Amino acid sequence: MLLVSTVPRLWGDFEMVEESNVLEHELVPEHYVMPEKEVGKVLKQYGLTKDQLPKIRLSDPCILTLDAISGPVEEGMIIRIVRRSATSGMAVCYRLVIRG
Amino acid sequence: MMITGVTKRISAIKFAMLSPEEIRKMSATKIITADTYDDDGFPIDMGLMDPHLGVIEPGLRCKTCGKKVDECSGHFGHIDLAMPVIHVGYVKEIKKLLQSTCRSCGHLLLTKEQADEYVKQRDRIEELTGNTIESSYISAESAKDASSRTTCPHCSAVQLKITLDKPTTFREEGHKLTPKEVRERLERVPDGDLVVLGIDPGVCRPEWMVLTALPVPPVTVRPSITLDSGDRSEDDVTHKLVDVLRINQRLRENRDAGAPQLIVEDLWELLQYHITTYFDNQTSGIPPARHRSGRPLKTLVQRLKGKEGRFRSNLSGKRVNFSARTVISPDPMLSINEVGVPVTAARELTVPLRVTERNQVFAKEMCARGPSPEGPGYIPGVNYVIRSDGRRIKITDKNAETVAEGVETGYIVERHLVDGDIILFNRQPSLHRMSIMAHEVRVMPHKTFRFNLCVCPPYNADFDGDEMNLHGLQSEEARAEAKVLMRVQEHILSPRFGGPVIGAIHDHITGSFMLTYKGSAFTREETVRMLEKVVDLDLPEPAVKKPVEMWSGKQLFSMILPKDLHMTFKASICQNCESCKREACENDAFVVIRSGILLSGTIDEKALGAFKGRVLDKMARDYGPDKVRAFIDRATKLAVGAITMRGFTTGIDDEDIPSQAKREIDDAMVQAKLKVEEHIGAYRRGELEQMPGRSLEETLEVEIMKVLGKARDTAGQIAGRHLGLENSAVIMAKCGARGSMLNLSQMAGAIGQQAVRGERLSRGYWNRTLPHFEQGALGSEARGFIKNSYKSGLSPTEYFFHSMGGREGLVDTAVRTSRSGYMQRRLINALEDVKVMQDGTVRNTAGTIIQFIYGEDNIDPMRAVQGDSVDVDDVILTVLGDEGELIAKVREKGVVSYGIQDKDMLEPSSTAESDEDADFDAGGGEEG
Ligand SMILES: [Mg+2]
Ligand SMILES: [Zn+2]
Ligand SMILES: [Zn+2]
Ligand SMILES: [Zn+2]
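Residues numbered from 1 in each chain as written. Chains lettered and ligands numbered in written order. Predicted model: local features only at pLDDT ≥ 70, side-chain atom pairs only at ≥ 80, totals over all residues. Heavy atoms only, no water.

## Notes on the packing of helix α17 (residues 524-532) of chain B against helix α21 (residues 625-646) of chain B
All names here are of chain B.
Alright, step 1. Close contact between α17 and α21 brings their axes to 8 Å; oriented N to C, the two are set at 140°. Crossing geometry of α17 relative to α21 is assigned as right-handed. Between α17, through Glu526, Arg529, Met530 and Leu531, and α21, the contact on the second element is made entirely by Leu638, Gly641, Ala642 and Met645.
Alright, step 2. A breakdown of the residues in the contact of α17 with α21 according to their chemical character gives 5 nonpolar, 1 polar and 2 charged. (Axes fitted to C-alpha atoms, helices over the stretch in contact; angles between N-to-C directions. Helix = DSSP H or I, 4+ residues; strand = E, 2+ residues; numbered from the N terminus. Left-handed = near helix turned anticlockwise from the far one by under 90°. Contact = heavy atoms within 4.5 Å. Nonpolar A, V, L, I, M, F, W, Y, C, P; charged D, E, K, R; others polar.)

Encoded structure:
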């Protein structure tokens, strides 16, 4: 598996995890690239255009990792994010990948 | 695109500059003379008051468009400047352009490839996000990149360093650049290079930043006023334009006459000064232009900027009609939905009454009464009548009858407020939605607004001189909407924590405590007196018939409870005994309500209080706003009846303790002091045992604080032994009405350690807090321990230490309020257009999603049970009855701190309480 290094080496003599997969960290929610046909369904469900979705940057560590693991992630793609929620247990949201 | 309800949408806003040609083209006339009016008082042609610039005098017509005063909005004129002048508003851009372009060929100091790359980057960003802020970063970056170059990549000319001498003088390695030279350089910059810097050459050429023509605003923008003496007084902007014109004229004459260069340059600079101050009279680096009286002129920027500027004072802040403001005072006999409005205000605030066939007679009758009908009691009248053609007729005592006869359908009659009208009531700072609520009017004598005390918490109001605002609603829609959404009874539960924000406070709680505590009972007369205020209650059968008829307080309270209410909880007075004796509790703290009958327990803060009232909470949830409103109204009257019947007062003698107890406290203090000395001795001898993770000094501090904390508790306990429930102050503390046992023990026992930043006091003089002590003294007195009580009085050093501790609290709150106020403003600005849509998503006005599901669970926090959507315990208890208690833990968890009530800053005892408890908890908890 390809791993993306995001943690700098700071601790001198201490043994440090040099490479880590942010998506495996327990505080990071699950990110999935959505297949094109499902994208249409979601947009229709909410009556949205892509630009009305929340955004996520290409330079986001999660996107970088996703890009390395499951093929190229490009701007305009939609990421499905599933995370733990204090109020409902689990919450799903969608984000539009943008440059930057 | 799914944008509903939006008929027009701004797709883009473009900012551009006026070119000199445009300025001349839109000009109605050229202004050449500094004179405004001739000797006969007529405006001079081609002067600053030229009639082509619009009309300000009624009766005259505009020479440009022919319209009258309010129809013509005015027309611009222009002044042709003799020499070009820098526009202060653009010096930054001019500097950037001069620095990043070649001094000889005018090209941007970047290679073709570099420039293309920047353009491409920006195009991408604009295409993808339309984010202009980010594209402006790229422009800034390209300019910085270009200005760092020392030779031109196009013509290899060596570049000199350009600096700005504030506000408007540019220098090239010390040599001064005239505005003319600056303009010439800017003219040389090719269109293509401007794009790289983020300038659209189609609408904005940089040389336009150096003015050759100055627009003259229409006279409507700078009207002159005629004083009582008949003299005319001109607007500041006009004055400034006169200056500009005069100097411009002199400059032209001197230049044309071939005057020495020095004189021309002086005049040129003077013109620059006048035009600079014409735009902004607070430009740093130059003295502001002043009026003859010495007052600085208010020029263009001053009109817009700051608190009194157009934006903050005229656009964001608006003043409204049909509003009133006055001092507030309490009235427990009003319903929480009501507000008492003084007659004078009610006659000023009117409601438009549209005359129809049905109400024509009524409207006429009302109109005939005139604007101030007299009579026994309040009789509403009419101030204005608006005819069908829109004309507004003021009603006076004289014309009332005649106007009334003419009233017919289609007229609007503006009648005075009457009882039952819906209005909005507000108290600043309006921090949450409960700061503006709809009330029903009750017109009353005297001059204050009055309302039920239970409504104080949401407004955070008290009656030490607070004023509040009232707004009369002017349309049926507004009234309907306010009644449904904003009425006080709809806001009993707070969306902040899902508990009641409207509820009993202070004496109201004391009253219900006195009504229901243990076997409190009332005679026939007392009972009737209490019940007479609660309109629809009849006298029940007495609880005790012999030897005399007596009614129990619990029985009376039960009368206002719904007949099917079941509740079990612990009251505020509960001592949290190890094992609860439940119904047999000797403090009568275990509240049991079955079928709407209060079987045991005392009704106090936990039952009725704002923020904590469990009965209110449950009733609001299960019975709806109408029922709770009725309950609160009746409970208020009962509680007030009870406290009036028994009488209640508190004074300094409530803190009296026997001299024996005083001696005991003194002894305890001496013991504590000796113990502290012991610890210090051990520390000095090096015998103190170090605590893990702490330095020796820290260990000592911890030990000392432990001892002193315990000493204060001991003092409190000794004092507490003599403070029983027969003591008013104790009643208030125990039932949650006001104050705490800690406050009392500080008044009667000892105040205890004063702290700054959670530590004993240590700063002040060299190695000591005050010169009264030895250097390096660590003893209790030397470091801020107060062994006296508020009652016994503080020694001078103690008083000083107390002020130190108190000051920290004040600074804290001051800092907190200002910072949280700013935070609040930012938050509200960011969230003001966000709303929950029909499909459960949260969006802003652009339809952009903020949350896919509101709160991720679609739960309205106002209707939630402390964050949960369903109150499981309550369901179990409802279904299983008393058996359910075995399964359901009696909910005590959240109740402890529903919402935190902000206490008065002026009450030192309350700050002392929170500070000491939070920061200086050495001796363990206080009261139960
Ligand atoms: Mg006040
Ligand atoms: Zn006109
Ligand atoms: Zn060049
Ligand atoms: Zn108990």
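After that view, the rundown keeps rolling.
## A word on the nonpolar core
Residues and elements named next belong to chain B.
Alright, step 1. Val341, Phe425, Leu470, Phe557, Val615, Phe631 and Ile632 are the most contacted members of the largest nonpolar core, which has 81 residues in total.
Alright, step 2. Per element, the largest residue contribution to this core is 7 residues, and it comes from α21.
Alright, step 3. Residues Met17, Ile162, Ile199 and Trp208 belong to the second largest nonpolar core, which totals 33 residues. (Core = buried A, V, L, I, M, F, W, Y, C linked by side-chain atoms within 4.5 Å. Buried < 20%, exposed > 50% of the residue type's maximum accessible area, 1.4 Å probe, protein only.)

## What about empty space enclosed by the protein?
Residue and element names in this part refer to chain B.
Alright, step 1. Counted according to the given criterion, the structure contains 4 cavities of 30 Å³ or more.
Alright, step 2. Reported here for the second largest cavity is a volume of approximately 40 Å³.
Alright, step 3. Residue lining of the second largest cavity: Lys570, Cys574, Cys577, Cys580, Lys581, Arg582, Cys585, Ala589 and Phe590, and that is the complete set.
Alright, step 4. Among the residues forming the lining of the second largest cavity, the class breakdown is 6 nonpolar, no polar and 3 charged. (1 Å grid on protein atoms, 1.4 Å probe; cavity = no way out; pocket = protein on both sides within 12 Å on 5 of 7 lines; lining within 4 Å. Points joined across faces, edges and corners; volume = space filled by probe spheres on them.)

## Some thoughts on the domain arrangement of chain B
Residue and element names in this part refer to chain B.
Alright, step 1. What the domain assignment reports for chain B is domain 1 (87-208), domain 2 (235-317), domain 3 (323-491), domain 4 (507-646) and domain 5 (652-810).
Alright, step 2. Computed over C-alpha atoms, the centres of domain 4 and domain 5 are 40 Å apart.
Alright, step 3. The interface of domain 4 with domain 5 comprises 9 residues on the first partner and 7 residues on the second.
Alright, step 4. With both chains or domains summed, domain 4 and domain 5 bury close to 680 Å², and 69% of this area falls on carbon and sulfur atoms.
Alright, step 5. Applying the counting criterion to the domain 4 and domain 5 interface returns 0 salt bridges.
Alright, step 6. If you look at where domain 4 meets domain 5, you find 1 residue pair in polar contact (both at pLDDT 80 or more).
Alright, step 7. Considering only residue class, the side of domain 4 that touches domain 5 consists of 4 nonpolar, 3 polar and 2 charged. (Domains from an automatic or database assignment. Buried area = accessible area lost by both parts, 1.4 Å probe. Salt bridge = Lys/Arg side-chain N within 4 Å of Asp/Glu carboxyl O. Polar contact = N/O pair within 3.5 Å; in protein donor to acceptor, adjacent residues only side chain to side chain.)

## A few points about unusual backbone geometry
Note: most peptide bonds trans; most residues except glycine with negative phi.
Residue and element names in this part refer to chain B.
Alright, step 1. Put simply, Gln428 and Pro429 share a cis peptide bond, and its omega is -5°.
Alright, step 2. Along the chain, the position of Pro429 falls in the loop between β14 (422-426) and β15 (436-444).
Alright, step 3. Between Lys546 and Pro547 the backbone carries a cis peptide bond, its omega angle lying at 0°.
Alright, step 4. Inspection of the secondary structure puts Pro547 in the loop between α17 and β19 (551-552).

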